[in-house]
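Single-letter residue listing:
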Amino acid sequence: MTDTQNEGLLIVGEDLCEKLVGRSDAFEAVEAVFSAMARGDAYNFPVIREAIGYADALYGFKSGFDRAGKVLGLKSGGFWPGNMAKGLTNHQSTVFLFDPDTGKLAALVGGNYLTAVRTAASSSVSISHLARKDCKVLGMVGAGHQSHFQLRAAAEQRDFEKVVAWNPHEDMLARLGETAKELGLDFEAVTQQELGAKSDVIITITSAFEPLLMKDWIKPGTHIACMGTDTKGKMEVDAALVASATVFTDEVAQSISIGEAQHAIASGAITESQIIPIGKVINKDHAGRTSDAEVTLFDGTGVGLQDLAVASVAARLASESGQATRVAL
Ligand code: NAD
């Protein structure tokens, strides 16, 4: 951002984000910011999320500062359940980036596509650092909007041959099968138990409030990325599975309060000190997986710094390519 600060406000819309920010850009940005968080160079501010009492909307913002990358800002937005009927997606968000030297607004960046691509990058970073190298079968629990982004990003991390998938709403699986086929991967819809028995890597990306996978269904050596649980009360896997795995996360504070680990923490099955920030693995301050039999679990709660990191890439690429709209402030 720093080279663009004095040239007015940069506006980067959704289409331009989609055109400019690819999976590898998002991977690099998210991996770098997780690393900065673990070094203490970047931190998230407390999250605000409120039911506004209008249009059934949930609105809030996530913000933070990455001193290493010089990225300061917030993602504002939320969930408007009536949007679909208006031809809009229910989740709406916009990222605001500020010049960290002056506090001046530097860029407005569409946050919808970037949320999906940064969430997929997060599980992808976890697979890159924690999954066994010889993984062949990817298990997908969930078949909604995010699942396609998750699948595409994960497929780049290992030489997967096949995708097995389960979703509570079966009719949604056909589209996920099409995405798998596009990627040259075999696809099979399976039961939850079969998914556990066959998968080397599992991604969960649903809106569940109860466990969809039980501990005894999982093979030794599996890596699980739990990506759907981002709110108090949500749950995708058995708390006993969390307790039996080595648990990594984007941010410990979110993992224990709104992430998948909240339930194992609440029951006392694990303690906060057992949860490892993935940035420590990236920075080589933690070994990560230590055996082929170990079950590793990544609790990807979604932090504001991820949004700021990818929005900053979008703003830089838009500025460099002269494609962004500029407005004098
Ligand atoms: P979506 O509405 O497109 O899909 C929802 C998915 O959850 C579908 O697979 C659906 O069948 C399933 N589902 C719905 N209700 C369920 C229930 N009661 N029990 C079990 N499964 C249920 O949503 P999406 O955009 O694909 O998002 C999926 C989840 O990921 C949401 O919970 C969302 O909040 C979360 N999310 C997390 C992050 C993060 O950073 N961790 C980022 C974005 C979205």
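Because the structure is predicted, anything quoted here is derived from the model rather than measured.

(A) Region of the structure containing the sheet that holds strand 10 (residues 186–189). If you walk across this open sheet you meet the eight strands as 10-9-8-11-13-17-15-16, and the pairing is parallel. At either margin of the open sheet sits one strand with a lone partner, and together these are strand 10 and strand 16 (276–277). Here strand 8 (residues 137–141) runs beside strand 11 (residues 201–204); their pairing, made up of four bridges, is parallel. Pairing of L138 across the sheet is with V201, part of strand 11. Contacting strand 8, strand 9 (162–166) and strand 10, helix 5 (residues 173–182) runs over the sheet at an angle of about 165 degrees to strand 10.

(B) Representation of helix 4 (residues 145–155). Those residues of helix 4 that sit buried are S147, H148, Q150, L151, A153 and A154. Contact partners of the buried residues in helix 4: helix 2 (23–39), helix 3 (112–130), strand 8, strand 9, helix 5 and strand 11.

(C) Up close: the pattern of salt bridges. In the structure shown here, the tally under the stated rule is 13 salt bridges. Its salt-bridge partner being D200, residue R132 comes within 3.3 Å of it at the nearest N-O pair. Separated by 68 residues along the polypeptide, R132 in the loop between helix 3 and strand 8 and D200 in the loop between helix 6 (192–198) and strand 11 bring together distant segments of the chain. Taking the shortest distance from any N to any O, the salt bridge between K198 and E188 comes out at 3.3 Å. With K198 in helix 6 and E188 in strand 10, this pair connects stretches of sequence that are ten residues apart. A relative accessible area of 33% means that K198 is categorised as partly exposed. Assessed through its relative accessible area of 26%, E188 is described here as partly exposed.

(D) Representation of the site of the ligand in the model. Around the ligand, a shell composed of 22 residues is seen, among which R118, H145, N167, H169 and K234 lie nearest. Here an oxygen atom of the ligand and a backbone polar atom of A143 are 3.0 Å apart. Calculation on the ligand without its partners gives an accessible area of 850 Å², and the protein chains cover 79% of this total. Taken together, the residues of the shell around the ligand sort by class into six nonpolar, 13 polar and three charged.

(E) Expanded view of helix 5. Every buried residue of helix 5 is accounted for by L173, L176, G177, T179 and A180. Buried positions in helix 5, seen along its axis, are confined to an arc of 160 degrees and lie on one side of it. With respect to the buried face of helix 5, the exposed residues turned more than 90 degrees away are A174, R175, E178, K181 and E182. Those residues of helix 5 that are buried lie in contact with strand 8, helix 4, strand 9 and strand 10. G184, located one to two residues past helix 5, shows a positive phi value of around 80 degrees.

(F) Structural view of the domain arrangement of the protein. As assigned here, the protein comprises domain 1 (9–115 + 305–327) and domain 2 (131–302). Each of domain 1 and domain 2 was reduced to a C-alpha centroid, and the two centroids are 24 Å apart. With 14 residues of domain 1 in contact, the opposing surface of domain 2 contributes 17 residues. Together, the buried faces of domain 1 and domain 2 total about 1,200 Å²; carbon and sulfur atoms form 57% of this surface. Considering only the surface of domain 1 that becomes buried against domain 2, R23, F34 and A38 emerge as the three largest contributors, covering 39% of it.

(G) Structural context of unusual backbone geometry. Phi at K70 takes a positive value of approximately 55 degrees, unusual for a residue other than glycine. Here K70 lies in the loop between strand 4 (58–66) and strand 5 (71–79). For K70, a relative accessible area of 41% gives the class partly exposed. For K284, which is not glycine, the phi torsion reads 65 degrees and is therefore positive. Within the secondary structure layout, K284 lies in the loop between helix 10 (278–282) and strand 17 (296–299). A relative accessible area of 72% places K284 in the exposed class.

Criteria and thresholds
Residues numbered from 1 in each chain as written. Predicted model: local features only at pLDDT ≥ 70, side-chain atom pairs only at ≥ 80, totals over all residues. Heavy atoms only, no water. Pairing = 2+ DSSP bridges. Helix = DSSP H or I, 4+ residues; strand = E, 2+ residues; numbered from the N terminus. Contact = heavy atoms within 4.5 Å. Axes fitted to C-alpha atoms, helices over the stretch in contact; angles between N-to-C directions. Buried < 20%, exposed > 50% of the residue type's maximum accessible area, 1.4 Å probe, protein only. Salt bridge = Lys/Arg side-chain N within 4 Å of Asp/Glu carboxyl O. Near = heavy atom within 4 Å. Polar contact = N/O pair within 3.5 Å; in protein donor to acceptor, adjacent residues only side chain to side chain. Areas by Shrake-Rupley, 256 points an atom, 1.4 Å probe, with all protein chains shown as cover. Nonpolar A, V, L, I, M, F, W, Y, C, P; charged D, E, K, R; others polar. Arc of directions from axis to C-beta. Domains from an automatic or database assignment. Buried area = accessible area lost by both parts, 1.4 Å probe.

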